[in-house]
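Letter by letter, the chains look like this.
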Amino acid sequence: MRKVASLPRPVRRLIALVLDILLCVFSIWLAFSIRIGAWNLFSPAVGTVLIVAIPSWLIVARWCGVYRSIIRFAGGRTMIDLAVACLLLSLPMMTVFSFVGMPQVPRTIGVLQPMLFMLLLALSRIAIRYAIVDILHVERQKQGARVAIYGAGSAGQQLGFAIRHDGKASLVCYFDDEPSLARQRIDGVPIFAADEAGEIIADFGLDEILLALPSVPRSRRLEIVERLQSHGVKVRVLPSVANIMDGQVSVRDLREVQVEELLGRDPVPPDENLLSGAIAGKVVLVSGAGGSIGSELCRQIVARHPRQLILVDHSEFGLYSILTELEERFGKADRPEIIPELADISEAAVAGRIMQRYRPQTVFHAAAYKHVPLVEANPISGLKNNVFGTYHCCLEAERAGASRFILVSTDKAVRPTNIMGASKRLCELILQARADVDGETIFSMVRFGNVLGSSGSVVPRFRAQIAAGGPITLTHREVTRFFMTIPEAAQLVMQAGAMAKGGEVFVLDMGEPIKIYDLAHSMIHLSGCSVRDEANPDGDIAIEEIGLRPGEKMYEELLLGDNPQPTEHSRILRAQEAKLGWTILSDLLRTMSQALDRGDVESAMAVVRAAVPDYAHSIRTTAVILEENLHAADG
């Protein structure tokens, strides 16, 4: 059987054709025996029926594509196709033998033979499928992973069917939340109640649980994952319903549990009217277009049909990557004119040239240095890029007649303890001050927490550390952070920008913060590994604390003031924040610019403390931080 299964497909089709012709001959003999009560195998009447039946079947089979079907995947649809083919075969058989009539051939043969032939064809397909799927793959299944499917609905049943045909794993059982399904079977595979998962995993030695729950909300999926992760099994999931086309589920559709599914809240639903409000039909500019947030902004902007999209970034690779992706993802007829500008927009002359050339109506300013330890070690570069990049961009956009200017900010700007956060709070103050000056440009800011999967994010680092066998390193087990996905962040920026009236700081209702230690713990369990600690010294992956990095906070906040106000969007809030007048702020920025030009970090940081009184951190130079790092390494 294994040799036959490994033959080239044309050879296997020929074998199937020969087998079916033999079954056709046998069906004729069987029809005669039923009709006349005796086996008359080689009579002229049998030969007459053969002469009509076999050529007719060859024509019908070719026309119906009978031999284009893969027999090992034969199912209900295959049986329907065979029934249709045999029905068509009955037309010439009944015409010749039942209506016209032939000597020595009973008229009922024209009806009996197609019916018996259909029965034999169906039995042959079932037998071959059983031989290939359930016998030929037994040995491979014994060597493969032992898996269970969580969810005995339509998606779970299709996945079970795919696993049986894939032959690389052994489907042991199903789990389901519906009590009435417990102890029933699907194609011979038992279904157990979800509450029995721990006991069944241990008793059956399961290696992996496959979640076939494509339509459940993220919060429910998190509950299930948390229940399973303590049992030492790997967990994989099917994508959402929107990703499963035509009801077909493949083993290839399975993927690792994404970290966003551990957030414990469902995605923030976007308002399409707000998404398109500041974009459709307009000239849009995105600074930092090659970064994590900037590139996602570009993807979502192109889908909302601007008239022109200007991509600005000083990273050649980042700009090339997003430009190439947009050109490949959106057809030439479906995308606007996309113009890449390889430039450092933090320089006043560059910002002015670009704004005057394209005169954008909407500007999304996402360009910034955001890696806390690097900015802490390089305060001059961090302040110049973040603060004066925003300063020059907003002034030049205003001079060019931009209607809207939206700043991408961060929760680290709230009571900052590091230079990066303080620089972003200064950026917010710049926009707040410009919004109070009479002008046509609407300035607004969007503040959110950590973005999953962004460059420098903790999640890719944890994933790489797990793949390398550990240990996972985190700064402190009590550190908590707010998290959101990159698409959520980009949609928030676009929607808030459309709602802005001038000077607002928008924040997202992000639910409860997540403890980084718990996140690391969950990622280890979901990868099929166990945590190595004092309680489990033989575990797979250890979690090590390395201490807080320079300027890092234990807990992040999203609001400076109290009583945030609701907006048109149920999950977007409008913060009430303190601000400085433009005259005072511009004088402070002039002093800072002069200090940075001299390389005088101490004077520049004095300005930061004056402008951002909530900033609570000592002056730290590059030399000091490098010296501390060297001492830590020696220790």
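Quick look at the sheet that holds strand S21 (residues 541-545) now. Pairing within the open sheet is parallel, and its three strands lie in the order S15-S21-S20. This sheet does not close on itself; its edge strands, each paired only once, are strand S15 (472-474) and strand S20 (531-532). With three bridges connecting them, S15 and S21 associate as parallel partners. Within the sheet, the bridge partner assigned to Ile 472 lies in S21 and is Ile 543. Sheet strands touched by helix H17 (residues 458-467): S15 and S21. Its angle to S15, the strand with the most contacts, is close to 145°.

Next up on the list: the side chain of Arg 304. Among the structural elements, Arg 304 can be located in the loop between helix H11 (292-302) and strand S9 (308-313). What makes Arg 304 buried here is its relative accessible area of 13%. The residues touching Arg 304, leaving out its near neighbours within four places in the chain, are Glu 272, Leu 275, Ser 276, Ile 279, Ala 280 and Met 494.

This part takes up the packing of aromatic side chains. Within the structure shown, the criterion is met by six aromatic pairs. Considering the side-chain rings of Phe 192 and Phe 204, the 5.9 Å spacing of their centres and the 50° angle between planes classify their relative orientation as tilted. Within this pair, whereas Phe 192 is found in strand S4 (residues 189-193), its partner Phe 204 is found in helix H8 (residues 197-204), the two being separated by twelve residues in sequence. A relative accessible area of 32% places Phe 204 in the partly exposed class. Here the aromatic cluster, defined as three or more aromatic residues joined through ring pairs, consists of Phe 388, Tyr 391 and Trp 582. Just above the ring of Trp 582 sits the side chain of Arg 434; from NZ or CZ to the centre is 4.6 Å.

On to the nonpolar core, then. One finds Leu 426, Ile 430 and Met 592 to be the most contacted residues of the largest nonpolar core, which totals 55 residues. By residue number, the principal contributor to this core is helix H16 (residues 419-436), which donates nine residues. In this structure Leu 426 touches Val 387, Leu 585, Met 592, Val 608, Ala 611 and Val 612, once residues within four positions along its chain are discounted. Listed in part, the 38 residues of the second largest apolar core include Leu 309, Leu 319, Val 446 and Ala 489.

Counting buried residues along strand S18 (residues 504-508), five of its five residues qualify, which places the element largely inside the surrounding structure. Of the two faces of S18, the one holding Glu 504, Phe 506 and Leu 508 and the one holding Val 505 and Val 507 are both buried throughout. In the sheet, strand S13 (residues 442-448) pairs with S18 via four bridges, with the strands oriented parallel. Of the residues in S18, the one forming a bridge with Met 445 is Val 505. In this structure, S18 lies alongside strand S23 (residues 572-575), joined through four bridges in antiparallel fashion. Bridging across to S23, Val 507 finds its partner in Leu 573.

This brings us to a nonpolar patch on the surface. A grouping of Leu 14, Val 18 and Leu 22 is seen on the molecular surface, where their side chains present a nonpolar patch of about 290 Å² in accessible area. Its location among the elements puts Leu 14 in helix H2 (residues 9-36). Its relative accessible area of 52% is what places Leu 14 among the exposed residues.

Definitions and cut-offs
Residues numbered from 1 in each chain as written. Predicted model: local features only at pLDDT ≥ 70, side-chain atom pairs only at ≥ 80, totals over all residues. Heavy atoms only, no water. Pairing = 2+ DSSP bridges. Helix = DSSP H or I, 4+ residues; strand = E, 2+ residues; numbered from the N terminus. Contact = heavy atoms within 4.5 Å. Axes fitted to C-alpha atoms, helices over the stretch in contact; angles between N-to-C directions. Buried < 20%, exposed > 50% of the residue type's maximum accessible area, 1.4 Å probe, protein only. Phe/Tyr/Trp six-rings, centres within 6.5 Å; stacked < 30°, edge-to-face > 60°. Lys NZ or Arg CZ within 6 Å of the ring centre and 35° of its normal. Core = buried A, V, L, I, M, F, W, Y, C linked by side-chain atoms within 4.5 Å. Patch = residues over 30% accessible without salt bridge, like charges linked within 9 Å, V, L, I, M, F, W, Y side chains within 5 Å. Areas by Shrake-Rupley, 256 points an atom, 1.4 Å probe, with all protein chains shown as cover. Salt bridge = Lys/Arg side-chain N within 4 Å of Asp/Glu carboxyl O.

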